[in-house]
Amino acid sequence: MKFSVDLTINKNRRLVWKAFDNPKNMKRWQPTLEAFEPQAGTPGQIGAISKLTYREDGRAITMYETITDRDEPNEFSGTYTTAGVVNQLRNRFVELNAQQTRWTLDADFRFTGVLALVAPLMKRSFVKRAQADMERFKAMVENQ
């Protein structure tokens, strides 16, 4: 399942990147994130692996992030794995002008087992979730 979402943030790209690249901010725009724990490599750099724990509907979901590309301040990409799902995310940041940045998220979810059967029915909810997270990030950055 693939989709893209984008939005314009009314801040310059360097400030947007700085906020995005700071793991301490993640809980502010991903409200179900409970823990972000580096596991291997240099945090934030290509090849680094981190464990992310989310609380969704009362249950813990553990996901592992492997950073696959980092081109500051243009792109941050990673592979996210959890039971039955491998998700590749590509975040691109384009400077529109001195005070605006376009953030584009390209997502490619691959499901196994039963999830592969129901995934097409869930696409809309995945897109809505990504949009909501991005809107929270935008509000956080614009209000700093």
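Quick note: structure is the one above.
Rules of the game
Residues numbered from 1 in each chain as written. Predicted model: local features only at pLDDT ≥ 70, side-chain atom pairs only at ≥ 80, totals over all residues. Heavy atoms only, no water. Pairing = 2+ DSSP bridges. Helix = DSSP H or I, 4+ residues; strand = E, 2+ residues; numbered from the N terminus. Expected span 1.5 Å × (residues − 1). Bend = angle between axes of the 7 residues up to and from the residue. Buried < 20%, exposed > 50% of the residue type's maximum accessible area, 1.4 Å probe, protein only. 1 Å grid on protein atoms, 1.4 Å probe; cavity = no way out; pocket = protein on both sides within 12 Å on 5 of 7 lines; lining within 4 Å. Points joined across faces, edges and corners; volume = space filled by probe spheres on them. Nonpolar A, V, L, I, M, F, W, Y, C, P; charged D, E, K, R; others polar.

Colleague: Can you walk me through the pairing of strand 6 (residues 85–97) in this structure?
Modeller: Sheet faces and side chains relate simply in a regular strand, where the side chains alternate between the two faces. Judged from the 8 bridges that link them, strand 5 (residues 75–82) and strand 6 form a sheet pairing that is antiparallel. Among the inter-strand pairings, threonine 82 is bridged to a residue of strand 6, identified as valine 85. Strand direction decides the pairing type here: strand 6 and strand 7 (residues 100–111), joined by 12 bridges, are antiparallel. What sits directly across from glutamate 95, in strand 7, is threonine 101. Count of turn residues in the strand 6/strand 7 antiparallel hairpin: 2 residues.

Colleague: Looking at this model, I keep getting lost on helix 3 (residues 114–142). Mind explaining?
Modeller: Residue pairs three or four apart in sequence face the same way in an α-helix, which turns once every 3.6 residues. Taking 1.5 Å of rise per residue, 29 residues should cover 42 Å, and helix 3 covers 40 Å from first to last C-alpha, within 8% of that figure. At proline 120, helix 3 is bent by approximately 65°, the largest bend along its length. Listed in full, the buried residues belonging to helix 3 are Ala119, Val127, Ala130, Asp133, Met134, Phe137, Lys138, Met140 and Val141.

Colleague: Even after reading the chapter, I still don't get the layout of surface pockets, so can you show me in this structure?
Modeller: Over the atoms, a rolled probe matching the size of one water molecule traces out where space is still vacant. The calculated volume of the largest pocket comes to roughly 1,200 Å³. The wall of the largest pocket is formed by 42 residues, among which Gln30, Tyr54, Met63, Asn87 and Arg129 lie closest to the centre. When residues of the lining of the largest pocket are traced back to their parent elements, those giving at least two are helix 2 (26–29), strand 3 (49–56), strand 4 (59–71), strand 5, strand 6, strand 7 and helix 3. At 8 residues, the largest contribution of residues to the lining of the largest pocket is made by helix 3. For the lining of the largest pocket, a count of residues per class yields 27 nonpolar, 8 polar and 7 charged.

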